[in-house]
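# Residue-level structure breakdown
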Protein chains: 2
Amino acid sequence: MPIAKTDAFGRADVALAAQFKALAHPARLAILRTLAERSTCICGDLVEVLPLAQATVSQHLRALKEAGLIQGETDGPRSCYCLNADTLRTMHKAVEALFGDVDCSCGCCG
Amino acid sequence: MPIAKTDAFGRADVALAAQFKALAHPARLAILRTLAERSTCICGDLVEVLPLAQATVSQHLRALKEAGLIQGETDGPRSCYCLNADTLRTMHKAVEALFGDVDCSCGCCG
DNA sequence: TTGTATTATCGTAAATTTACGATATACGAT
DNA sequence: ATCGTATATCGTAAATTTACGATAATACAA
């Protein structure tokens, strides 16, 4: 990416794109699903579930946290992550707005 | 990404992640919104709307097409792209399943 | 047939992502 | 105070993404 062009797009779209980017990896989807199933989770469990090294899982967790999809604190040797309901609801609405009533009637495409 | 680890994840998640990846850029979000507004579109219009070179827009269109989010044909000097309603509906359901009823009650996180 | 206009592709450079091992950090137990 | 465990961060290599200019390719018009 030569030269970040994000300035040229609206802030809302840049933010939304960043959130979608956080969903754009199967490991992170798996993390989110795991967090959704249990209402509490620690990183250690995830390392066992995912086919990835501990450092990589931690990195994915950070990505999710920076995107605001999860929240959590780590108290010494134990960390507690959980979903960020606010962000997820916001994303849900954004998807609704984008895909809500798709209906292509142009007839010119296959 | 040293060594693609996608084999280690379920096919469904790999596919879903790829679709989210297609949404993970403000230019592609803008393209989708533009396609949603008009029911028909050609690439030329997009080049004027987006702050990007023609080659880059074409590249983004290809990404969207490969992810199955849009469909279209290009007949010589004119191309017609439109949304792929099927894929968008599928994604909508996937989001529903992921975020449908988020409710963190673990009480351990801020 | 020769342009003309529009879109796709190629080649390439810079930036980012993904993955890991190694190391640091922080808490609880002994 | 030290050890053990669990998580985060650092450094780094390979792969991918993004962006562009230059170049092809395709259909229509003259």
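Let me begin by describing the structure that accompanies this report. (Residues numbered from 1 in each chain as written. Chains lettered and ligands numbered in written order. Predicted model: local features only at pLDDT ≥ 70, side-chain atom pairs only at ≥ 80, totals over all residues. Heavy atoms only, no water.)

### Structural notes on the side chain of Gln19(A)
Note the cut-off: In DSSP terms, a helix is any run of H or I states spanning at least four residues, a strand is any run of E spanning at least two, and both are numbered starting from the N terminus. Whether two residues are in contact is decided by their heavy atoms: any pair within 4.5 Å suffices.
Within the secondary structure, Gln19(A) is located in helix H1 (residues 11-22). The contact partners of Gln19(A), leaving out residues within four places of it in the chain, are Ala67(A), Leu69(A), Thr87(A) and Met91(A).

### Some words on the state of the cysteines
Keep this limit in mind: Disulfides are defined in this document as cysteine sulfur pairs within 2.5 Å.
Applying the stated criterion across every chain yields a total of zero disulfides over all chains. Just so you know, Cys41(B) is unpaired, no disulfide at all, and the nearest cysteine sulfur is the one on Cys43(B), 8.3 Å from it.

### Overview of the relation of the copies chain A and chain B
Here is the rule: Fitting of the copies onto one another was done by least squares over C-alpha atoms, counting residues only where both copies have pLDDT of at least 70.
Placing chain A over chain B gives an RMSD of 0.0 Å and needs a rotation angle of 180 degrees, together with 0.0 Å of translation along the axis. Expressed as an axis order, the relation between the two copies is that of a two-fold axis. Taken as a fraction of all interface residues of chain A, those also at the interface in chain B reach 100%, which identifies the copy contact as same-surface.

### A few points about the interface of chain A and chain B
Quick note on the threshold: Summed over both partners, the accessible area lost on bringing two parts together, with a 1.4 Å probe, is the buried area. The term salt bridge refers to a side-chain nitrogen of Lys or Arg lying within 4 Å of a carboxyl oxygen of Asp or Glu. Under this definition, polar contacts are N or O atom pairs within 3.5 Å; protein pairs additionally need one hydrogen-donor-capable and one acceptor-capable atom, and for neighbouring residues in sequence, both atoms have to be side-chain atoms.
Each partner contributes to the interface: chain A provides 44 residues, whereas chain B provides 44 residues. Interface area, chain A with chain B, both sides summed: about 4,000 Å², of which 75% is carbon and sulfur. The residue Asp13(A) makes a salt bridge to Arg33(B) at a minimum N-O spacing of 2.3 Å. The interface formed by chain A and chain B holds four residue pairs in polar contact (both at pLDDT 80 or more) in total. The leading source of residues in the side of chain A that touches chain B is helix H5 (residues 85-99) of chain A, at nine residues.

### Considering the pairing of strand S1 (residues 70-75) of chain B
All names here are of chain B. Operational definition: Think of it this way: DSSP has to see at least two bridges between two strands before they count as a pair.
Note that S1 and strand S2 (residues 78-83) share six bridges and pair antiparallel. Each residue of the ladder has a partner; that of Gly72, found in S2, is Tyr81. Linking two consecutive strands that pair antiparallel, namely S1 and S2, is a turn of two residues; a positive phi of about 60 degrees is found at Gly76 within it.

### Section: the packing of helix H2 (residues 26-37) of chain A against helix H1 (residues 11-22) of chain B
Two quantities define a packed helix pair, namely the angle between the helix axes and the distance between the axes. Just so we agree on the cut-off: For helices, the axis comes from a line fit to the C-alpha atoms of the stretch in contact; other axes are also lines fit to C-alpha atoms, and the angle between any two N-to-C directions lies between 0 and 180 degrees. Roughly parallel refers to an angle under 35 degrees, roughly antiparallel to one over 145, roughly perpendicular to one between 65 and 115, and oblique to any angle outside these ranges. Here the nonpolar group is Ala, Val, Leu, Ile, Met, Phe, Trp, Tyr, Cys and Pro; Asp, Glu, Lys and Arg are the charged ones; every other residue, Gly included, is treated as polar.
In contact at an axis separation of 8 Å, H2(A) and H1(B) are set at 105 degrees when each is read in the N-to-C sense. Considering their axes alone, H2(A) and H1(B) lie roughly perpendicular with respect to each other. From H2(A), Pro26(A), Leu29(A), Ala30(A) and Arg33(A) reach across to H1(B), where they touch Asp13(B), Val14(B), Leu16(B), Ala17(B) and Phe20(B). Classifying every residue of the contact of H2(A) with H1(B) gives seven nonpolar, no polar and two charged.

### A closer look at the pattern of salt bridges
Residues and elements named next belong to chain B. The line we're drawing: Burial classes follow relative accessibility: with a 1.4 Å probe on protein chains only, a residue under 20% of its type's maximum area counts as buried, one over 50% as exposed, and anything between as partly exposed.
Within the structure shown, the criterion is met by eight salt bridges over all chains. For Glu66, the salt bridge is made with Arg62, and the minimal N-O distance between the two is 3.5 Å. Here the residue Glu66 and the residue Arg62 both occupy positions in helix H4 (residues 54-66), the gap between them amounting to four residues, near one helical turn. Each member of the pair Glu66 and Arg62 is classed as exposed.

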